[in-house]
Each structure stands twice: as structure tokens, then as C-alpha cells.
Amino acid sequence: METSLENKADRKLKKWQGMVERLNVQLHLGAADAKDAFEEQKKELESWLQTAKSKLKNSDKIADENTQKIQAAIDELKVQAALGKAETKDELEKQQKELSKNIQQLKVEVEKTYKESKETGAELMDELDEELEEYQTKFDLFKLQLHLGKAESKEYLEEKKKEAKVELQKVETLLQKGKDSASDNWDNFTSDISKAWKQMRS
């Protein structure tokens, strides 16, 4: 049991560290590159949603009612992710806003099911919630990057970009410190990481 927990902690730490690395790369993109990355991210999200839906469909550990609600939220998000390339800045901002809203709606359904599922199906819900957390952070970060080209707000937004860097560094530091103690104090550690992600997004 202890080895299993250590393996789980190790897997999650590696996954979170990968998230930090990807977000660091994204944070350093300029406005033009961010637009291309936004389109790539939509495709990646659409593909992941298809995989998530299959996993959900094949799981017998989630109540049918909850499965239907999550699948409906996945379908709504898939519609947004499948939209064609935004040709104007206004279209891009609108897509970013809708994607973030729909990711949040799906997260709400997943978290609700996670609380209700207890041991049964909790691992799948935890996995979905974690992935959605990363997508939500990425699309929130695009919101900042898409405004960096505006001369009148450049100074303010560059400051916000620096703040995001600091918050990302905090997550990275937490992960480094937690590597040795995570398996002993897993619940507290994951709670700290969750708070750090939320702080970064805000």
C-alpha cells in the first residue's frame, strides 16, 4: 500500500512538473506566437475530450446520471474547441472566454461527481480534474498574452506577466520541496498545490 502511494506521488509530481515546464514555455510566447499556440491548444483539447469521453463511457464505476451530465458538459466544450480559426482579435477573445467558461462548467460536474463517488470512480474523476486544471490555466494565460500587443495596456500587462511568473515559480518550489515528503503528507501536499494553481490563475 505504501509503495503504491509512493508510486502515485511520484507519477503526480512528474506530471505537475511537466505542467510547470509547459506553462513556462507558454508564458514566454509573444502575442503573435500565442495566437498560433491557442489554435494548437484547441486541437489538443478536442482530442483529449474525445479520450476522456471514451474513458467515462467504459467506466462502470460512475453513476449513469453523473456520466450523462459530464458527457453533456464534454460535448459543449468540444463544440467550442472545434470552432474554426479565429481570424480577428475579437473572435479570438470571444473563443478564449467561451472555452474558459465551458472548462469551468465541466470542472464543476467532475468535482461534484468526485465528491459523490468516494472510492468508486474517484481515480478517474481525479485524473479528469487534474487535466482540466491545466487546460484552464493555459487558456487563462492566453487571455493575458492576447492583450500584450495593446500599447496602452502593455506596461500593466507586462507587470501581470511577471506576477504570473512568480506564482509559477512558487508552484515549482512547492513541487521541489514536496518531492521527499509528498508520500507522507499527500492530502496536505495536494491541497497546497491546488491552492497554488488557483492563486496563479487569479
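Just above, that's the structure.
Cut-offs and rules
- Throughout this document, residue positions are counted from 1 along each chain, in the order its sequence is written.
- Owing to the predicted nature of the model, reporting of local features is limited to residues with pLDDT of at least 70; listing and counting of side-chain atom pairs is limited to 80 or more, with chain, interface and lining totals taken over all residues.
- Remark: hydrogens and water are excluded; side-chain values derive from all non-hydrogen atoms of the structure.
- Starting at the N terminus, helices and strands are each numbered in turn, a helix being any DSSP run of H or I of at least four residues and a strand any DSSP run of E of at least two.
- Working definition: with a 1.4 Å probe on protein chains only, accessible area under 20% of the residue-type maximum means buried, over 50% means exposed, and in between means partly exposed.
- Put simply, buried Ala, Val, Leu, Ile, Met, Phe, Trp, Tyr and Cys residues joined by side-chain atoms within 4.5 Å make one nonpolar core.
- The rule for a salt bridge is simple: a side-chain nitrogen of Lys or Arg has to be within 4 Å of a carboxyl oxygen of Asp or Glu.
- By definition here, a helix of n residues has an expected span of 1.5 Å times n minus one.
- To define axes, lines are fitted to C-alpha atoms, for helices over the stretch in contact only, and angles between the resulting N-to-C directions are given on a 0 to 180 degree scale.
- Under this scheme an angle from 65 to 115 degrees is roughly perpendicular, one under 35 degrees roughly parallel, and one over 145 degrees roughly antiparallel; angles in between are oblique.
- For any helix crossing, the convention is left-handed if the near helix is rotated counterclockwise from the far helix by under a right angle, and right-handed if that rotation is clockwise.
- Note on definitions: a residue-residue contact is assigned when non-hydrogen atoms from the two residues lie within 4.5 Å.
- Three classes are used, and their members are as follows: Ala, Val, Leu, Ile, Met, Phe, Trp, Tyr, Cys and Pro are nonpolar, Asp, Glu, Lys and Arg are charged, and the others, Gly among them, are polar.
- Under this definition, polar contacts are N or O atom pairs within 3.5 Å; protein pairs additionally need one hydrogen-donor-capable and one acceptor-capable atom, and for neighbouring residues in sequence, both atoms have to be side-chain atoms.

Draft legend 1. Fine view of the side chain of Glu130. Mapped onto the secondary structure, Glu130 falls in helix H5 (residues 122-146). Residue classification places Glu130 among the buried residues on the basis of a relative accessible area of 9%.

Draft legend 2. Focus on the nonpolar core. Residues Leu45, Trp48, Leu106, Met125 and Phe139 are the most contacted members of the largest nonpolar core, which totals 27 residues. Elements with a contribution of two residues or more to this core: helix H2 (31-58), helix H3 (64-81), helix H4 (89-117) and H5. No other element matches H2, which puts 8 residues into this core. Formed by 8 residues, the second largest nonpolar core is a distinct cluster that contains Val20, Leu23, Leu144 and Leu168.

Draft legend 3. Representation of the pattern of salt bridges within the structure. The tally for this structure, following the rule as stated, stands at 13 salt bridges. As a salt-bridge pair, Lys112 and Glu109 come within 3.7 Å of each other at their nearest N and O atoms. Pair noted here: Lys112 and Glu109 are both in helix H4, with a separation of 3 residues, about one helical turn. Given the relative accessible area of 17%, Glu109 is considered buried. Each of Lys107, Glu111, Asp129 and Glu133 takes part in one network of salt bridges that share partners.

Draft legend 4. Structural view of H3. With 18 residues, H3 extends 25 Å from end C-alpha to end C-alpha; this agrees with the ideal 26 Å at 1.5 Å per step. Those residues of H3 that sit buried are Asn66, Thr67, Ile70, Gln71, Ala73, Ile74, Leu77, Lys78, Gln80 and Ala81.

Draft legend 5. Region of interest: the packing of H2 against H3. At a minimum axis distance of 9 Å, the contact between H2 and H3 shows a crossing angle of 160°. The pairing of H2 with H3 is recorded here as roughly antiparallel in orientation. Pair H2 / H3 crosses with left-handed handedness. Along its contact with H2, which presents Lys42, Leu45, Glu46, Leu49, Gln50, Ala52, Lys53, Leu56 and Lys57, the element H3 presents Thr67, Ile70, Gln71, Ile74, Asp75, Leu77, Lys78, Gln80 and Ala81. Of the residues in the contact of H2 with H3, the class split is 8 nonpolar, 4 polar and 6 charged.

Draft legend 6. Broad picture of the environment of Asp129. With respect to the secondary-structure elements, Asp129 resides in helix H5. Asp129 has contacts with Lys107, Val110 and Glu111, leaving out every residue within four places of it along the chain. A polar contact of 3.0 Å, which involves the side chain of Asp129, links it to the side chain of Lys107.

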